[in-house]
Amino acid sequence: MKIGFIGAGNMARAIIAGLLKAKAVAPADIIVHGGHAANYQPYAERIGATAAASNAAVVEQADWVVLAVAPPVGKPVLREVHEALAKHPRPLLSLLTGVDLKTLAAWADQPLPLVRVMPNLNVALNAGMTAYAANAAAQPVLPAVVALLNTLGESMALPEADFSTFVALAGSSPAFVYMFIDALSRAGVKYGLTKQVATKIAAQAVMGSGLMAAQSTESPMDLADQVASPGGTTVAGMLAMAAAGFMPAVVAGVDATIAKDRE
Ligand SMILES: NC(=O)C1=CN([C@@H]2O[C@H](COP(=O)(O)OP(=O)(O)OC[C@H]3O[C@@H](n4cnc5c(N)ncnc54)[C@H](OP(=O)(O)O)[C@@H]3O)[C@@H](O)[C@H]2O)C=CC1
Ligand SMILES: O=C(O)[C@@H]1CCC=N1
């Protein structure tokens with residue numbers, strides 16, 4: 001199975017890293033083309049992937065094509081590969097935020113199996129959270145696509161109406177979590193830890209808590225109650241964070257992310 005990537009930036013590279021770690025695809029069966037040869041060629045060489053000379057060549061050489069460019073670049077790129085896709089009607093997996101299947105079909109301007117895929121950068125460690133939605137033409141290939149996505153972490157079918165919310169909760173949220181880790185770590189620095197030590201402590205605590213929240217049948221607040229001993233340190237910290245607007249700050253961030261996705 002040859003997987004082609006139009007765009008070889010952060011998200012494409014994270015997916016490719018996850019696929020290679022899972023040994024789901026052989027390096028030479030990864031075909032990439034990007035905006036600038038100076039970026040994608042050395043990258044392809046480094047990982048043993050195939051650098052294609054053009055976006056059309058990606059379509060010609062790959063079995064499936066992943067559209068991994070910035071959303072505004074999607075339409076011109078699909079125009080550029082229109083002829084190649086007409087000759088080789090490959091399933092197209094789009095990572096573009098804010099671009100639904102209907103828009104994608106209009107841009108493709110020909111009947112194609114289309115899968116809208118919304119991953120997050122944690123796919124690089126096979127710990128991603130990915131949503132997908134597919135058109136009717138993609139249904140026969142969908143089980144194989146989902147099997148591939150599942151090598152990258154968890155995946156779920158999602159109604160397209162919920163994609164903006166998913167972007168905030170999974171696509172963008174690693175950045176929000178890094179902000180939290182940095183804030184926790186910085187507070188440790190305030191009390192004399194080095195940034196390196198403080199970040200290691202904060203990141204490991206967040207990782208364990210994420211694992212616990214993902215695996216437990218209890219709600220996050222039930223889990224928090226188990227941490228917060230009566231009259232103890234944790235409840236004092238939780239109340240101070242609540243008073244400083246922790247939850248409204250997080251929800252405001254999600255609101256802004258969703259609004260941007262829907263622009
Ligand atoms: N980053 C993330 O965490 C997530 C991103 N996404 C989505 O994934 C997509 C890619 O995002 P991301 O990887 O972060 O973006 P990047 O900016 O990191 O990568 C974009 C890639 O597109 C390439 N490119 C630009 N113009 C063209 C062109 N005409 N033909 C082919 N390739 C081109 C760029 O090449 P060059 O740099 O050489 O110009 C670069 O390799 C976006 O639509 C985004 O919404 C979805 C979920 C999460
Ligand atoms: O910030 C962005 O627009 C992309 C989509 C989700 C994560 N990164």
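Model, not experiment: these values are computed from the prediction.

A.B. asks: Could you give an account of the site of ligand 1, with specific residues and numbers?
C.D. replies: By nearness alone, 23 residues border ligand 1, and Ala8, Met11, His36, Asn39 and Val69 come closest of all. Contact distances for ligand 1 include 2.9 Å between an oxygen atom and a backbone N or O atom of Asn10. For ligand 1, whose free accessible area comes to 910 Å², the fraction covered by protein is 74%. Of all the elements in the fold, those that place two or more residues in the shell around ligand 1 are helix 1 (10–21) and helix 4 (71–80). The leading source of residues in the shell around ligand 1 is helix 4, at three residues. In terms of residue class, the shell around ligand 1 is built from 14 nonpolar, nine polar and no charged.

A.B. asks: Any details on the pairing of strand 1 (residues 3–6)? Residues and values, ideally.
C.D. replies: With burial as the criterion, each face of strand 1 is covered, one bearing Ile3 and Phe5 and the other bearing Gly4 and Ile6. Following the chain from strand 1 across helix 1 to the adjacent parallel strand 2 (residues 30–33), one finds a crossover that is right-handed. Bridging between strand 1 and strand 4 (residues 64–67) involves four bridges; their strand directions are parallel. Within the sheet, the bridge partner assigned to Ile6 lies in strand 4 and is Leu67.

A.B. asks: Before we move on, can you summarise the site of ligand 2 with the specific residues and values?
C.D. replies: In the vicinity of ligand 2, the residues found are Thr97, Gly171 and Ser172. Relative to its unbound accessible area of 240 Å², ligand 2 is 40% covered by the protein chains.

A.B. asks: Go over the UniProt feature "domain: Pyrroline-5-carboxylate reductase dimerisation" (unreviewed entry) in the protein with me, naming the residues and quoting the values.
C.D. replies: In this numbering, the UniProt entry assigns the feature "domain: Pyrroline-5-carboxylate reductase dimerisation" (unreviewed entry) to residues 160–263. Taken end to end, residues 160–263 comprises 80% helix and 0% strand; its first and last C-alpha atoms sit 15 Å apart.

A.B. asks: Provide a residue-level description of helix 13 (residues 246–261), including the pertinent values.
C.D. replies: Helix length check: helix 13 (16 residues) gives 23 Å between terminal C-alpha atoms against 22 Å at 1.5 Å per residue, within 8%. Elements in contact with the buried residues of helix 13: helix 8 (163–171) and helix 9 (173–190).

A.B. asks: Now, about the UniProt feature "domain: Pyrroline-5-carboxylate reductase catalytic N-terminal" (unreviewed entry) in the protein: what can you tell me, with residues and values included?
C.D. replies: The UniProt record annotates "domain: Pyrroline-5-carboxylate reductase catalytic N-terminal" (unreviewed entry) at residues 2–86. Taken as a whole, residues 2–86 contains 53% helix and 16% strand, while its terminal C-alpha atoms sit 18 Å from one another.

A.B. asks: For the environment of Glu154, give the residues involved together with the corresponding values.
C.D. replies: Within the fold, Glu154 resides in strand 8 (residues 153–157). Taking the relative accessible area as the measure of exposure, Glu154 reaches 56% and is therefore exposed. Between the C-alpha atoms of Glu154 and Tyr40, which are 114 residues apart in sequence, the distance is 28 Å. Not counting the four nearest positions on each side in its chain, Glu154 is found in contact with Gly128, Met129 and Thr130.

What counts as what
- Residues numbered from 1 in each chain as written.
- Chains lettered and ligands numbered in written order.
- Predicted model: local features only at pLDDT ≥ 70, side-chain atom pairs only at ≥ 80, totals over all residues.
- Heavy atoms only, no water.
- Near = heavy atom within 4 Å.
- Polar contact = N/O pair within 3.5 Å; in protein donor to acceptor, adjacent residues only side chain to side chain.
- Areas by Shrake-Rupley, 256 points an atom, 1.4 Å probe, with all protein chains shown as cover.
- Helix = DSSP H or I, 4+ residues; strand = E, 2+ residues; numbered from the N terminus.
- Nonpolar A, V, L, I, M, F, W, Y, C, P; charged D, E, K, R; others polar.
- Buried < 20%, exposed > 50% of the residue type's maximum accessible area, 1.4 Å probe, protein only.
- Right-handed = clockwise from strand over helix to strand, strands pointing away.
- Pairing = 2+ DSSP bridges.
- UniProt positions renumbered as here; feature names shortened; annotations may be inferred.
- Expected span 1.5 Å × (residues − 1).
- Contact = heavy atoms within 4.5 Å.

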